[in-house]
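Take a look at the letters that make up each chain.
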Amino acid sequence: MTVHELDRARIDSVLREGVDRGAAPGVSAVVVDREGVLYEGAFGERELDTGNAMTFDSVGAIFSMTKAITAAAAMQLVERGSLQLDAPASDVCPELTDRQVLTGFDADGQPLLRQAASAPTLRQLLTHTSGFGYELFNAELVRWHEVTGVPGLASNGPGMRQAPLVSDPGTRWEYGIGIDWVGAMIEAVTGQRLGDFFAEHLTGPLGMTDTAYVPTSSMSDRVASMHVRLPDGSLMAFPLPAPEPGAHQGGGAGLFATMGDYGRFIRMILRDGELDGVRVLAADTVAQMVTNQMGDLRVEPLVSAMPNLTNDAEFFPGETKSWGMSFQINDAPAETGRPAGTLMWAGLANSYFWIDRSNGIGGAYLSQILPFADVSSVELFTAFETAVYASR
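Our subject in this report is the structure included herewith. (Residues numbered from 1 in each chain as written. Predicted model: local features only at pLDDT ≥ 70, side-chain atom pairs only at ≥ 80, totals over all residues. Heavy atoms only, no water.)

**Structural notes on the overall build of the chain**
Item 1. Within the chain, the secondary structure is distributed over ten helices and 16 strands.
Item 2. The C-alpha atoms of the chain give 20 Å as radius of gyration, which agrees with the globular expectation for 392 residues (21 Å, within 12%).
Item 3. Seen through its C-alpha atoms, the chain measures out along the principal axes to roughly 60 × 50 × 45 Å.
Item 4. Expressed as a percentage of the 392 residues in the chain, the buried residues total 56%.
Item 5. Long-range pairs, those at least 24 residues apart, make up 68% of the contacts in the chain with a sequence separation of at least 6.
Item 6. As displayed, the chain has an accessible area near 14,700 Å², and 50% of this comes from carbon and sulfur atoms. (Helix = DSSP H or I, 4+ residues; strand = E, 2+ residues; numbered from the N terminus. Rg over C-alpha atoms; globule rule 2.2 N^0.38 Å. Buried < 20%, exposed > 50% of the residue type's maximum accessible area, 1.4 Å probe, protein only. Contact = heavy atoms within 4.5 Å. Areas by Shrake-Rupley, 256 points an atom, 1.4 Å probe, with all protein chains shown as cover.)

**Notes on the sheet that holds strand S16 (residues 369-370)**
Item 1. Judged by pairing direction, the sheet is mixed, and its three strands sit side by side in the order S7-S6-S16 without closing on themselves. On the outer flanks of this sheet lie strand S7 (235-238) and S16, each paired with one strand and no other. (Pairing = 2+ DSSP bridges.)

**Quick look at helix H1 (residues 8-20)**
What sets the pattern is the α-helix's 3.6 residues per turn: residues three or four places apart point alike.
Item 1. For H1, which comprises 13 residues, the first-to-last C-alpha distance of 18 Å matches the rise-based estimate of 18 Å (1.5 Å per residue) to within 8%.
Item 2. Within the sequence span of H1, burial applies to Ile11, Val14, Leu15, Gly18 and Val19. For H1, the arc enclosing every buried residue in end-on projection is 125 degrees, short of the 170-degree limit, so these residues lie on one face. Summarising the geometry of H1, the exposed residues directed more than 90 degrees from the buried face are Ala9 and Asp20.
Item 3. Residue Asp7 occupies the N-cap position of H1, its side-chain oxygen lying 3.3 Å from the main-chain nitrogen of Ala9.
Item 4. Count one or two residues on from H1 and you reach Gly22, which has phi positive near 90 degrees. (Expected span 1.5 Å × (residues − 1). Arc of directions from axis to C-beta. Polar contact = N/O pair within 3.5 Å; in protein donor to acceptor, adjacent residues only side chain to side chain.)

**What about the pattern of salt bridges?**
Oppositely charged side chains may form a pair once their charged atoms are brought near each other.
Item 1. Applying the stated criterion across every chain, the model contains 13 salt bridges.
Item 2. A salt bridge links Arg123 to Asp86, with the nearest nitrogen and oxygen atoms 2.8 Å apart. Taken as a pair, Arg123 in helix H3 (residues 122-127) and Asp86 in the loop between helix H2 (66-80) and strand S4 (100-105) lie far apart in primary sequence, 37 residues in all.
Item 3. You can call Asp86 exposed: its relative accessible area is 52%.
Item 4. Taken together, the shared-partner salt bridges in this structure form one network comprising Glu35, Arg271 and Glu274. (Salt bridge = Lys/Arg side-chain N within 4 Å of Asp/Glu carboxyl O.)

**Quick notes on the packing of aromatic side chains**
Item 1. In total, this model carries 23 aromatic pairs according to the counting rule given.
Item 2. Consider the rings of Phe315 and Trp345, whose centres lie 5.6 Å apart with planes at 75 degrees: the pair is edge-to-face. One end of the pair, Phe315, is in the loop between helix H9 (283-289) and strand S11 (321-323); the other, Trp345, is in strand S13 (residues 343-347), and 30 residues separate them in sequence. As far as the burial class goes, Phe315 and Trp345 line up, both buried.
Item 3. Seen from their ring centres, Phe327 and Phe353 are 6.2 Å apart, and the 80 degrees between their planes marks the pair as edge-to-face. Taken together, the residues span a long stretch of sequence, with Phe327 in the loop between S11 and strand S12 (328-330) and Phe353 in strand S14 (residues 351-356) at a distance of 26 residues.
Item 4. By relative accessible area, which is 0% here, Phe327 ends up buried.
Item 5. Directly above the ring of Phe105 sits Arg143, whose terminal nitrogen or CZ lies 4.1 Å from the centroid.
Item 6. It is Arg161 that lies over the ring of Trp181; its NZ or CZ is 5.0 Å from the centre. (Phe/Tyr/Trp six-rings, centres within 6.5 Å; stacked < 30°, edge-to-face > 60°. Lys NZ or Arg CZ within 6 Å of the ring centre and 35° of its normal.)

**Some thoughts on the side chain of Gln76**
Item 1. Inspection of the secondary structure assignment puts Gln76 in helix H2.
Item 2. Under the relative-accessibility criterion, Gln76 is labelled buried at 4%.
Item 3. Aside from chain neighbours lying at most four places away, what touches Gln76 is Phe197, His201, Leu202, Val280 and Leu281.

**Remarks on unusual backbone geometry**
Item 1. That bond from Met325 to Ser326 is cis: its omega, -5 degrees, falls within 30 degrees of zero.
Item 2. The omega angle of the peptide bond from Leu370 to Pro371 is 0 degrees, so this bond is cis rather than trans.
Item 3. Mapped onto the fold, Pro371 is located in the loop between S16 and helix H10 (375-390).
Item 4. Of note in this structure, Phe63 is not a glycine but carries a positive phi near 45 degrees.
Item 5. Phi angles above zero are rare outside glycine, and Asp276 is one such case at about 50 degrees.

**A closer look at the nonpolar core**
Item 1. Core analysis: the largest hydrophobic core is formed by 124 residues, its most contacted members being Leu15, Tyr262, Phe265, Phe353 and Phe384.
Item 2. Among the elements that take part in this core, H2 stands out by supplying eight residues, more than any other.
Item 3. Among residues more than four places away in sequence, those in contact with Phe353 are Met65, Ala68, Tyr262, Ile266, Phe327, Leu343, Met344, Trp345, Ala346, Gly363, Ala364 and Phe381. (Core = buried A, V, L, I, M, F, W, Y, C linked by side-chain atoms within 4.5 Å.)

Nothing here speaks to function; it is geometry throughout.
Written out as structure tokens, the structure is:
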């Protein structure tokens, strides 16, 4: 696919019509290949009913799209020998020593815990097979946080890392806080805050100047407001408070970015770790990241335990999916046109990306809507991806 072969008008039409029917107040989207940008577009408003246009350089909270960046940073440290994929993560973060597994609650409502069969490794943390879960999708963890009073996701702080395991490491896939621990490992071995390490070694060298935990002054005027889908299907805006410079920087979420920046990260993965003459990862490292790293285990559907923040979620239901570092991998071709082996993931506010190394293309889509897996948002992203493949 070349820039001349991509039907821009077709993709524009899909995104514009989606915004017009209320699938999102505003969207920004990019399609890239190994050589550059094939498509960029933005439609709607950064904040509903304000007249402030969503533009391609609009900035949004990308939530769990942060995870892939954290994983790439961790793999840089694996290359240097500072981190080991299969050593106990407790070697780096002693707080992970003797971690316990939550098995239920007693008659008085107190947590029941047992010793884990093994310690989680970096590979398991990166593949969501470490035994850690998320309150978002695990009702027992919601209850544990309520009973113990330990801060959870809502605190946006390191306290949520105190949560117990919900299964023995290596025994199942469960989406969780593992990559928050990876962020802690990066900080432990480098002595740097996570955002500083990214800027020096990853996002900075890649030219991702609009990616940060705390939006810079040049980003601040372009930040899109958050919106919530109401029961009647309408959308209501609620601007997020600006993060404080000293706030916690999590490996699992927290970055703000433009889709232009995220397209540069996608291109780096498409190009085996190099972009514009700058190599940030070895080709062999990228080859590991983009292939199944959890053996016979497979991705399981996400069942909401916090409906105000997320719906039930599964991408391409009924198809088997495996996991790399830290991407979901389609084990079979999908109806959108993506082939088997395509990488993807998403962010809580209904932002999404995919990386198709077979065809050498990828794309990213930003909206700012809660709850996650909003039906209209997923439909629009799917239509966007489908239009890209149909327009070749």
